[in-house]
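# An overview of the molecular structure
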Amino acid sequence: MHYSSKLIERAVEEIAKLPGIGKKSALRIVLHLLKQEPRQTHQLAEALLQLRDHIQYCKECHNIADEAICSLCSDPRRHRETICVVEHFKDIAAIERTGHYQGLYHVLGGLISPIDGVGPQDIHIESLLQRVQKHKVEEVILALSSTMEGDTTAFYLTKRLKELQVKVTALARGVPIGSELEFTDELTLARSLLGRVEF
Amino acid sequence: MPSKLDSMTHLKNISLTDFKSYASLKLSFHEKLNILVGQNGVGKTNLLEAIYWLLTGKSLQGHSERHAIRYGSEGWSVEGEIAEEERLHHVRCAFYPKQDRKAVFIDGSRVERLLDYYGRFPVVSFTPNDIDLIREAAEQRRRTMDAFFAQLSQEYAVHLVQYHALLRRRNALLKQWREQHAPDVALLEVFHMRMEQEAYPLYDLRRRFTGELNPLVSFYYEKLSGGKEFIKIEYRSQLSEASLQQLWQESLPTDLKMGFTSKGIHRDDWLLLLNDVPMKWSSSQGQRKTFLVALKLAMSDLLFRRKQQNPLLLLDDIFDKLDAERVSALLQLVRQQRLGQVFITDTEPERMQRLLAESHLPGALFEVKQGRAVQL
């Protein structure tokens, strides 16, 4: 596409690099910003710069934070004897939305994936083991995806954590709430049968 | 009252779009026997390939989806109606790479996991390449047995897919460790534990299914050859001699050096014996072909026994190297209800017309020419 202004062209190109935004949408955003008060664009640019320059990863749990220690780890109301292990910080938001968890988190920042060359040393496993050893952690909850890589990581963590004599649990797996039994795939159904609970 | 044939699972018709040599083709099939005649290279095998894609979601010859796109077009689709007891299913298998992955639809709804579709409509095929089962290394036999057992049992299919996914990861680890640092024993143990959980059920099922297949192969071999010879398929696995843990412990130094897993269930083999001697060493071309046909008929029979559903039988270029006696014995077997619907290709229309007339078999004859096929 050719624009009458090099300035517009450059802005469009930069915005179009963002995920899910093509050139047309980028142009719409640029034109929108130009219609608004200059102050608004300045605020946006400022917010992005601040974000990029000042964002931190929590020294304890590797969650995204504004300070060296994230707001969850520094919250005195959280139960410190339970750690929930997740892959991404996005998973924390999902679990927090349930309102049923009061403990702390640990963000691995990835999963063990030999095919992608990601080994245990490439994700935050050592720091988890150290946390468990250093603090009086009673239970580690593994909240990882039910994929081959998620399972591999869960089994590996269990192996390493068992050496530290801490209780290791994992999220239950089964039939989704509100779904019809006949449409549940066989693997999930078999697993749900094995892990059935008293009603 | 419906006749017995009405309850047999069969493909009623098929419609191809931009599939291999066919721009567009519609055919209605006979419920029992369909014979496709035409010269070499006119597209008879392509038709069988289309039927196989439709029934299994996979390629008959292990080719990629791309391989089947007609030159110059964007993708292909094969659809058809399958009669199953009193019901008629509309099935479609399509591949348009610019828009989507390969997809299979039954009665309009998309199959989410193709693994669940494989084995839904059982099918057994015979192609000239099957002679490699006797001549070539273990891989061919494993592939054929796996493809067959996976149709017999969904449990087998799931374990097989999982085992191979884990194996690929173990091999990737071995490669990385070869290039970089010392192996992480805890991680290796995780893989061993999980691979064991998949391997032992596969081992048990392979033993069981091979055991069930053997008397059937003997039965059909005898029917085709008139007896006299003794046929046996023997399942061979390293797991019969040592546990997987032992095997992997012993082979770890070698595996680390080579960068792949040298032992395990993925090295299993089947020995094909004629009068207690491997066929590879001592059989004639006719014996080999008779054995392979017997094997396929036995597979078809076992599928019927286990699934109570008639598999379709695709026999590509089968009469080459079979003598007249064996051919007529085969056609007598086809007459049996439990062999289901059969598709046969041949290069000589006169021979097939004569055979049909002599055997009094109900069936349809199709002439295949470049990109076209018509019922005679």
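For clarity, every value in this text was computed on a predicted model and none was experimentally measured.

Let us look at the overall build of chain B. When helices and strands are tallied, chain B shows eleven helices and 15 strands. The C-alpha radius of gyration computed for chain B amounts to 22 Å, which stays within 12% of the reference 21 Å derived for 376 residues, consistent with globular compactness. The principal-axis extent of the C-alpha atoms belonging to chain B is close to 70 × 55 × 40 Å. When each of the 376 residues of chain B is scored for burial, the buried share is 55%. Counting only contacts in chain B whose residues sit at least 6 apart along the sequence, the fraction spanning at least 24 positions is 73%. Working note: accessible area of chain B is about 16700 Å², and carbon and sulfur atoms make up 49% of it. Chain B carries 52 positive and 48 negative side-chain charges, and their two centres are separated by 2 Å.

This part is about the overall build of chain A. Scanning chain A from terminus to terminus reveals seven helices and six strands. The order of α-helices and β-strands along chain A, N terminus first, is α-α-α-β-β-β-α-β-α-β-α-β-α. On C-alpha atoms alone, chain A measures out to a radius of gyration of 22 Å, which is more than a quarter above the 16 Å that the 2.2 N^0.38 rule sets for 199 residues. Structurally, chain A occupies a C-alpha span of about 70 × 45 × 35 Å along its principal axes. For chain A, the accessible surface area stands at approximately 13800 Å², while carbon and sulfur atoms represent 55% of it. Of the charged side chains in chain A, 25 are positive and 27 negative; the average position of the first set lies 4 Å away from that of the second.

So, on to the nonpolar core. Ile 14, Leu 213 and Phe 291 of chain B are the most contacted members of the largest nonpolar core, which totals 143 residues. Considering each element in turn, this core owes the most residues, 17 residues, to helix α6 (residues 185-225) of chain B. With near-sequence residues (within four places) excluded, Leu 213 of chain B lies in contact with Met 145, Phe 148, Ile 233, Leu 295, Ala 298, Met 299 and Leu 302 of chain B. One finds Cys 61, Val 86, Tyr 105 and Ala 143 of chain A within the second-largest nonpolar core, a separate group that totals 15 residues.

Our next topic: the sheet that holds strand β5 (residues 139-142) of chain A. All names here are of chain A. Sheet architecture is open: four strands sit in the order β4-β3-β5-β6, paired in parallel fashion. Two strands close off the open sheet at either side, each with one partner strand: β4 (104-107) and β6 (167-170). Direction aside, the axes of adjacent strands within the sheet are offset by 25 degrees on average. Across four bridges, the pairing between strand β3 (residues 82-86) and β4 is parallel. Within β4, the position partnered with Cys 84 by the bridge is Tyr 105. In the packing of helix α4 (residues 89-98) onto the sheet, contacts are made with β3 and β4, and the angle to β4 comes to roughly 155 degrees. Sheet strands touched by helix α6 (residues 148-162): β3, β5 and β6. Its angle to β5, the strand with the most contacts, is close to 170 degrees.

Moving residue by residue along a regular strand, the side chains alternate between the two faces of the sheet. All names here are of chain B. Judged from the six bridges that link them, strand β1 (residues 10-19) and strand β2 (residues 22-28) form a sheet pairing that is antiparallel. Note on β2: the bridge partner recorded for Ser 15 is Lys 26. The antiparallel pairing of β1 with β2 creates a hairpin that spans two residues between the two strands, and Lys 20 there sits at a positive phi of about 50 degrees.

Looking at the assigned domains, one finds that chain A contains domain 1 (6-54) and domain 2 (75-170). Taking only C-alpha atoms into account, the centre of domain 1 of chain A sits 37 Å from that of domain 2 of chain A.

For an interface, size is often stated in terms of accessible area lost upon the parts coming together. Across the contact, 20 residues belong to chain B and 17 residues belong to chain A. Taken together, the two surfaces of chain B and chain A that pack against each other cover about 1600 Å², and 67% of this comes from carbon and sulfur. Seen at the junction of chain B and chain A, the total is three salt bridges. Between Asp 151 of chain A and Arg 194 of chain B there is a salt bridge; the shortest N-O distance is 3.9 Å. Taken together, the connections running from chain B to chain A amount to six residue pairs in polar contact (both at pLDDT 80 or more).

We now examine the sheet that holds β2 of chain B. Residue and element names in this part refer to chain B. Across the sheet, six strands lie side by side as β2-β1-β4-β5-β6-β7; this open sheet has antiparallel pairing. The open sheet is flanked by β2 and β7 (109-110), the only strands paired with a single partner. Sheet topology note: the strand β4 (residues 76-84)/strand β5 (residues 87-95) ladder contains nine bridges and is antiparallel. From the neighbouring strand, Glu 84 faces β5, where its bridge partner is Arg 87.

Cut-offs applied
Residues numbered from 1 in each chain as written. Chains lettered and ligands numbered in written order. Predicted model: local features only at pLDDT ≥ 70, side-chain atom pairs only at ≥ 80, totals over all residues. Heavy atoms only, no water. Helix = DSSP H or I, 4+ residues; strand = E, 2+ residues; numbered from the N terminus. Rg over C-alpha atoms; globule rule 2.2 N^0.38 Å. Buried < 20%, exposed > 50% of the residue type's maximum accessible area, 1.4 Å probe, protein only. Contact = heavy atoms within 4.5 Å. Areas by Shrake-Rupley, 256 points an atom, 1.4 Å probe, with all protein chains shown as cover. Lys, Arg positive; Asp, Glu negative; His and termini not counted. Charge placed at Lys NZ, Arg CZ, Asp CG, Glu CD. Core = buried A, V, L, I, M, F, W, Y, C linked by side-chain atoms within 4.5 Å. Pairing = 2+ DSSP bridges. Axes fitted to C-alpha atoms, helices over the stretch in contact; angles between N-to-C directions. Domains from an automatic or database assignment. Buried area = accessible area lost by both parts, 1.4 Å probe. Salt bridge = Lys/Arg side-chain N within 4 Å of Asp/Glu carboxyl O. Polar contact = N/O pair within 3.5 Å; in protein donor to acceptor, adjacent residues only side chain to side chain.

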